[in-house]
Amino acid sequence: MEQVEDKIKVHFVGAGPGAEDLITVRGMRLLSEADMVIYAGSLVNPKLLEYAPGAEHFNSATMTLEEVIAKIREAVERGMTVVRLHTGDQSIYGAVKEQMRELDRLGISYDSCPGVSACFGAAASMNLEYTLPGISQSLIITRMQGRTAVPERESIRSFAAHGASMAIYLSASLLTELSGELQAGGYEKDTPAAIVYKATWPEEKILRCTVGTLAETAEENGVRKTAVILVGDAVGAETFEDSRLYAPDFSTEYRKAKEV
(Lines give C-alpha, C1' and ligand atoms only; values in the text may rest on other atoms or scores of the structure.)
Protein backbone atom coordinates (compact mmCIF):
# COMPACT_ATOMS: atom_id res chain seq x y z
CA MET A 1 0.00 0.00 0.00
CA GLU A 2 1.01 3.63 -0.43
CA GLN A 3 2.87 4.98 2.59
CA VAL A 4 0.85 7.33 4.80
CA GLU A 5 4.07 9.27 5.45
CA ASP A 6 7.52 8.86 3.89
CA LYS A 7 9.16 10.00 7.13
CA ILE A 8 9.02 7.49 9.96
CA LYS A 9 6.39 8.59 12.46
CA VAL A 10 6.14 5.51 14.70
CA HIS A 11 8.94 4.38 16.98
CA PHE A 12 8.89 1.18 19.04
CA VAL A 13 11.05 1.98 22.06
CA GLY A 14 12.37 -0.30 24.79
CA ALA A 15 11.84 1.42 28.14
CA GLY A 16 14.41 -0.68 29.99
CA PRO A 17 13.82 -2.82 33.10
CA GLY A 18 12.47 -0.13 35.40
CA ALA A 19 14.86 2.62 36.49
CA GLU A 20 14.03 5.74 34.50
CA ASP A 21 17.70 6.42 33.71
CA LEU A 22 18.20 2.99 32.12
CA ILE A 23 16.41 3.96 28.93
CA THR A 24 18.83 4.58 26.05
CA VAL A 25 19.82 8.11 25.03
CA ARG A 26 18.05 7.50 21.71
CA GLY A 27 14.92 6.29 23.46
CA MET A 28 14.85 9.36 25.69
CA ARG A 29 15.29 11.63 22.65
CA LEU A 30 12.45 9.91 20.80
CA LEU A 31 10.19 10.37 23.82
CA SER A 32 11.06 14.06 24.00
CA GLU A 33 10.06 14.45 20.32
CA ALA A 34 6.84 12.44 20.57
CA ASP A 35 3.35 13.87 20.15
CA MET A 36 1.76 10.66 21.43
CA VAL A 37 3.06 7.90 23.71
CA ILE A 38 1.29 4.56 23.99
CA TYR A 39 2.93 2.78 26.90
CA ALA A 40 2.66 -0.59 28.62
CA GLY A 41 1.23 0.81 31.82
CA SER A 42 1.34 -2.41 33.83
CA LEU A 43 5.15 -2.57 33.60
CA VAL A 44 6.67 0.69 32.36
CA ASN A 45 7.88 3.11 35.02
CA PRO A 46 5.53 6.14 34.80
CA LYS A 47 8.49 8.45 35.47
CA LEU A 48 9.57 7.79 31.87
CA LEU A 49 6.54 9.75 30.69
CA GLU A 50 8.19 12.85 32.15
CA TYR A 51 10.53 12.72 29.15
CA ALA A 52 7.47 13.40 26.96
CA PRO A 53 5.65 16.17 28.84
CA GLY A 54 3.94 17.62 25.78
CA ALA A 55 2.67 14.32 24.39
CA GLU A 56 -0.70 12.63 24.70
CA HIS A 57 -0.34 9.51 26.86
CA PHE A 58 -2.32 6.27 26.49
CA ASN A 59 -2.01 3.16 28.65
CA SER A 60 -2.05 0.05 26.44
CA ALA A 61 -2.81 -2.18 29.44
CA THR A 62 -6.46 -1.21 28.98
CA MET A 63 -6.44 -1.49 25.16
CA THR A 64 -6.79 -4.27 22.60
CA LEU A 65 -4.49 -4.66 19.59
CA GLU A 66 -7.15 -3.12 17.36
CA GLU A 67 -7.49 -0.12 19.66
CA VAL A 68 -3.72 0.43 19.76
CA ILE A 69 -3.45 0.31 15.98
CA ALA A 70 -6.45 2.61 15.55
CA LYS A 71 -4.85 5.15 17.89
CA ILE A 72 -1.53 4.99 16.02
CA ARG A 73 -3.27 5.36 12.66
CA GLU A 74 -5.26 8.33 13.87
CA ALA A 75 -2.10 10.01 15.16
CA VAL A 76 -0.15 9.43 11.94
CA GLU A 77 -3.02 10.79 9.86
CA ARG A 78 -2.87 13.92 12.03
CA GLY A 79 0.85 14.26 11.30
CA MET A 80 1.87 13.26 14.82
CA THR A 81 4.94 11.30 15.91
CA VAL A 82 4.16 8.24 18.04
CA VAL A 83 6.31 6.34 20.53
CA ARG A 84 5.08 2.85 21.34
CA LEU A 85 6.82 2.33 24.68
CA HIS A 86 7.40 -1.25 25.75
CA THR A 87 8.98 -2.59 28.92
CA GLY A 88 12.56 -3.90 28.83
CA ASP A 89 13.53 -4.65 25.26
CA GLN A 90 10.55 -5.13 23.00
CA SER A 91 12.17 -8.02 21.11
CA ILE A 92 11.70 -10.28 24.18
CA TYR A 93 8.06 -11.09 24.99
CA GLY A 94 7.10 -7.68 23.64
CA ALA A 95 4.13 -8.71 21.45
CA VAL A 96 5.35 -6.22 18.85
CA LYS A 97 5.32 -8.24 15.64
CA GLU A 98 1.54 -8.30 15.41
CA GLN A 99 1.54 -4.52 15.77
CA MET A 100 4.18 -4.21 13.06
CA ARG A 101 2.19 -6.54 10.83
CA GLU A 102 -0.85 -4.27 11.09
CA LEU A 103 1.21 -1.16 10.44
CA ASP A 104 2.69 -2.84 7.36
CA ARG A 105 -0.84 -3.55 6.17
CA LEU A 106 -1.71 0.11 6.60
CA GLY A 107 1.49 1.30 4.92
CA ILE A 108 2.73 3.06 8.05
CA SER A 109 6.52 3.16 8.46
CA TYR A 110 8.12 2.44 11.83
CA ASP A 111 11.46 1.66 13.43
CA SER A 112 12.74 0.16 16.68
CA CYS A 113 14.96 1.45 19.48
CA PRO A 114 16.33 -1.31 21.74
CA GLY A 115 16.13 -1.36 25.51
CA VAL A 116 17.74 -3.09 28.48
CA SER A 117 15.91 -6.32 29.28
CA ALA A 118 15.15 -7.41 32.85
CA CYS A 119 17.72 -10.21 32.91
CA PHE A 120 20.48 -7.68 32.18
CA GLY A 121 19.15 -5.21 34.71
CA ALA A 122 19.10 -8.04 37.25
CA ALA A 123 22.66 -9.08 36.36
CA ALA A 124 23.83 -5.51 36.85
CA SER A 125 22.15 -5.29 40.25
CA MET A 126 23.87 -8.53 41.27
CA ASN A 127 27.23 -7.78 39.60
CA LEU A 128 26.67 -11.07 37.81
CA GLU A 129 28.31 -12.53 34.70
CA TYR A 130 26.29 -15.25 33.00
CA THR A 131 29.15 -16.51 30.83
CA LEU A 132 32.01 -17.57 33.10
CA PRO A 133 34.83 -19.65 31.59
CA GLY A 134 34.57 -23.26 32.67
CA ILE A 135 31.10 -22.67 34.15
CA SER A 136 28.76 -21.56 31.35
CA GLN A 137 29.21 -19.94 27.98
CA SER A 138 25.52 -19.61 27.13
CA LEU A 139 22.46 -17.77 28.41
CA ILE A 140 19.03 -19.23 27.71
CA ILE A 141 16.11 -16.78 27.92
CA THR A 142 12.78 -18.57 28.19
CA ARG A 143 9.57 -18.93 30.18
CA MET A 144 7.34 -21.57 31.71
CA GLN A 145 4.20 -22.64 29.90
CA GLY A 146 1.22 -20.93 31.47
CA ARG A 147 -1.95 -19.55 29.92
CA THR A 148 -0.14 -19.44 26.59
CA ALA A 149 1.67 -22.47 25.23
CA VAL A 150 5.40 -23.03 24.71
CA PRO A 151 6.59 -25.31 21.88
CA GLU A 152 7.40 -28.76 23.31
CA ARG A 153 10.94 -28.58 21.93
CA GLU A 154 11.47 -25.44 24.05
CA SER A 155 10.32 -26.82 27.38
CA ILE A 156 12.13 -25.86 30.58
CA ARG A 157 13.04 -29.52 31.01
CA SER A 158 14.73 -29.73 27.60
CA PHE A 159 16.66 -26.48 28.11
CA ALA A 160 17.75 -27.53 31.61
CA ALA A 161 19.60 -30.47 30.08
CA HIS A 162 22.23 -28.03 28.78
CA GLY A 163 23.25 -26.89 32.27
CA ALA A 164 23.69 -23.35 30.96
CA SER A 165 22.76 -20.08 32.65
CA MET A 166 19.04 -19.44 32.37
CA ALA A 167 16.86 -16.34 32.72
CA ILE A 168 13.23 -17.33 33.08
CA TYR A 169 10.55 -14.72 32.52
CA LEU A 170 6.80 -14.63 33.23
CA SER A 171 6.98 -17.56 35.63
CA ALA A 172 6.96 -16.14 39.17
CA SER A 173 3.53 -17.69 39.86
CA LEU A 174 4.67 -21.15 38.72
CA LEU A 175 7.76 -21.72 40.83
CA THR A 176 6.80 -25.12 42.22
CA GLU A 177 6.31 -26.43 38.70
CA LEU A 178 9.43 -24.60 37.49
CA SER A 179 11.57 -26.14 40.20
CA GLY A 180 10.32 -29.61 39.28
CA GLU A 181 10.97 -29.12 35.57
CA LEU A 182 14.46 -27.75 36.16
CA GLN A 183 15.38 -30.75 38.30
CA ALA A 184 13.78 -33.19 35.87
CA GLY A 185 15.92 -31.66 33.13
CA GLY A 186 19.19 -32.09 34.96
CA TYR A 187 19.83 -29.27 37.43
CA GLU A 188 20.58 -30.44 40.97
CA LYS A 189 18.25 -29.08 43.63
CA ASP A 190 21.14 -27.14 45.18
CA THR A 191 22.01 -25.38 41.89
CA PRO A 192 22.28 -21.63 42.59
CA ALA A 193 19.27 -19.52 41.68
CA ALA A 194 17.92 -16.04 42.27
CA ILE A 195 14.53 -14.39 42.16
CA VAL A 196 14.89 -10.75 41.18
CA TYR A 197 11.70 -8.81 41.81
CA LYS A 198 11.27 -5.57 39.84
CA ALA A 199 14.91 -5.40 38.75
CA THR A 200 16.37 -1.85 38.97
CA TRP A 201 13.17 -0.35 40.45
CA PRO A 202 13.44 1.35 43.88
CA GLU A 203 11.52 -1.59 45.37
CA GLU A 204 13.82 -4.21 43.81
CA LYS A 205 14.37 -7.41 45.80
CA ILE A 206 17.21 -9.84 45.12
CA LEU A 207 16.40 -13.21 46.68
CA ARG A 208 19.25 -15.70 46.41
CA CYS A 209 18.19 -19.31 46.74
CA THR A 210 18.54 -22.66 44.97
CA VAL A 211 16.55 -24.52 42.34
CA GLY A 212 15.02 -26.59 45.12
CA THR A 213 13.94 -23.60 47.22
CA LEU A 214 12.50 -21.28 44.56
CA ALA A 215 8.86 -21.63 45.59
CA GLU A 216 9.37 -21.30 49.35
CA THR A 217 11.71 -18.31 48.90
CA ALA A 218 9.14 -16.47 46.82
CA GLU A 219 6.34 -17.32 49.25
CA GLU A 220 8.35 -16.14 52.26
CA ASN A 221 9.02 -12.81 50.56
CA GLY A 222 5.59 -12.25 49.01
CA VAL A 223 6.77 -12.39 45.40
CA ARG A 224 4.11 -13.61 42.97
CA LYS A 225 4.77 -11.62 39.79
CA THR A 226 7.08 -9.10 38.09
CA ALA A 227 10.23 -11.14 38.73
CA VAL A 228 12.88 -12.76 36.58
CA ILE A 229 14.26 -16.11 37.73
CA LEU A 230 17.98 -16.71 37.25
CA VAL A 231 19.34 -20.25 37.37
CA GLY A 232 22.73 -21.89 36.90
CA ASP A 233 26.12 -22.35 38.47
CA ALA A 234 27.23 -18.91 37.24
CA VAL A 235 24.61 -17.31 39.51
CA GLY A 236 26.51 -18.38 42.63
CA ALA A 237 30.01 -19.10 41.31
CA GLU A 238 32.90 -18.02 43.52
CA THR A 239 35.57 -20.18 41.86
CA PHE A 240 36.03 -20.02 38.10
CA GLU A 241 38.68 -19.77 35.42
CA ASP A 242 40.02 -16.40 34.31
CA SER A 243 39.16 -15.33 30.80
CA ARG A 244 41.94 -15.97 28.28
CA LEU A 245 41.32 -12.51 26.84
CA TYR A 246 43.67 -10.80 29.28
CA ALA A 247 46.11 -13.66 29.85
CA PRO A 248 49.72 -12.51 29.21
CA ASP A 249 50.45 -15.57 27.02
CA PHE A 250 47.39 -14.95 24.83
CA SER A 251 47.81 -13.00 21.59
CA THR A 252 45.09 -10.77 20.17
CA GLU A 253 44.84 -8.37 17.26
CA TYR A 254 45.92 -5.59 19.60
CA ARG A 255 48.46 -7.28 21.87
CA LYS A 256 51.23 -9.79 21.41
CA ALA A 257 51.66 -12.63 23.88
CA LYS A 258 54.34 -12.19 26.49
CA GLU A 259 56.71 -14.86 27.71
CA VAL A 260 55.72 -16.20 31.08
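Note that this is a predicted model, so its numbers are computed, not measured. (Residues numbered from 1 in each chain as written. Predicted model: local features only at pLDDT ≥ 70, side-chain atom pairs only at ≥ 80, totals over all residues. Heavy atoms only, no water.)

1. Concerning the nonpolar core
Judged by nonpolar contacts, the single largest core of 25 residues is most densely connected at Met166, Leu178, Leu182, Ile195, Leu214 and Val231. Elements that contribute at least two residues to this core include exactly helix H5 (156-160), strand E7 (165-169), helix H6 (175-185), strand E8 (192-197), strand E9 (205-210), helix H7 (214-220) and strand E10 (227-231). When sequence neighbours within four positions are dropped, the list of residues in contact with Leu178 reads Met144, Ile156, Ile168, Leu214 and Ile229. (Core = buried A, V, L, I, M, F, W, Y, C linked by side-chain atoms within 4.5 Å. Buried < 20%, exposed > 50% of the residue type's maximum accessible area, 1.4 Å probe, protein only. Helix = DSSP H or I, 4+ residues; strand = E, 2+ residues; numbered from the N terminus. Contact = heavy atoms within 4.5 Å.)

2. Remarks on the packing of aromatic side chains
Scanning the entire structure with this criterion turns up 2 aromatic pairs. Seen in terms of ring centroids, Phe12 and Tyr110 are 5.8 Å apart; in terms of plane orientation they differ by 85°. Their pairing is edge-to-face. Linking Phe12 in strand E1 (residues 10-14) with Tyr110 in strand E5 (residues 110-113), this pair joins segments that are 98 residues apart in sequence. The buried category is assigned to Phe12, whose relative accessible area is 0%. Relative to Tyr169, the ring of Tyr93 has its centre 5.7 Å away and its plane inclined at 50°; by these criteria the two rings are tilted. Of this pair, Tyr93 sits in the loop between strand E4 (82-86) and helix H3 (97-106) while Tyr169 sits in strand E7, and the two are 76 residues apart along the sequence. Looking at Lys198, its charged tip hangs above the ring of Trp201, at a distance of 3.8 Å from the centre. Taking NZ or CZ as reference, Lys205 lies 5.9 Å from the ring centre of Tyr197, over its face. (Phe/Tyr/Trp six-rings, centres within 6.5 Å; stacked < 30°, edge-to-face > 60°. Lys NZ or Arg CZ within 6 Å of the ring centre and 35° of its normal.)

3. So, the sheet that holds E10
A sheet is described by the order of its strands in space; here 5 strands give the open sequence E6-E7-E10-E8-E9, paired in mixed fashion. This sheet does not close on itself; its edge strands, each paired only once, are strand E6 (139-143) and E9. Here the strands of the sheet are splayed against their neighbours by 20° on average, with no regard to which way each runs. The strands touched by helix H4 (residues 118-126) are E6, E7, E8, E9 and E10; relative to E10, the strand with the most contacts, the crossing angle is about 70°. (Pairing = 2+ DSSP bridges. Axes fitted to C-alpha atoms, helices over the stretch in contact; angles between N-to-C directions.)

4. A look at the state of the cysteines
Evaluated as defined, the whole model comprises 0 disulfides. Here Cys113 is not disulfide-linked; the sulfur of Cys119 is the nearest cysteine sulfur, at 17 Å. Judged by relative accessible area, which is 2%, Cys113 ranks as buried. Take Cys209: it sits in no disulfide, and the sulfur closest to it among the cysteines is that of Cys119, at 17 Å. Look at Cys209 and you get buried, because its relative accessible area is 11%. (Disulfide = S-S within 2.5 Å.)

5. So, a nonpolar patch on the surface
A cluster of nonpolar side chains, namely Leu245, Tyr246 and Phe250, defines an oily patch on the protein surface of about 340 Å² accessible area. Tracing the backbone shows Phe250 in the segment after helix H8 (233-236). (Patch = residues over 30% accessible without salt bridge, like charges linked within 9 Å, V, L, I, M, F, W, Y side chains within 5 Å. Areas by Shrake-Rupley, 256 points an atom, 1.4 Å probe, with all protein chains shown as cover. Salt bridge = Lys/Arg side-chain N within 4 Å of Asp/Glu carboxyl O.)

6. Quick look at the confidence of the model for the protein
When pLDDT is averaged along the protein, the result is 93, and 97% of the positions lie at 70 or above. This stretch, residues 1-5, has a pLDDT under 50; its non-local contacts, to residues over four places away or in other chains, come to 13 contacts. (pLDDT = per-residue confidence, 0-100.)

7. A look at unusual backbone geometry
Among all residues save glycine, negative phi is the norm, and among peptide bonds the norm is trans. In this model, Asn127 sits at a positive phi of 50°, which is unusual for a non-glycine residue. By the element assignment, Asn127 lies in the loop between H4 and E6. Assessed through its relative accessible area of 75%, Asn127 is described here as exposed. Positive phi outside glycine occurs at Lys198, with the angle close to 50°. Classification of Lys198 as buried rests on a relative accessible area of 16%.

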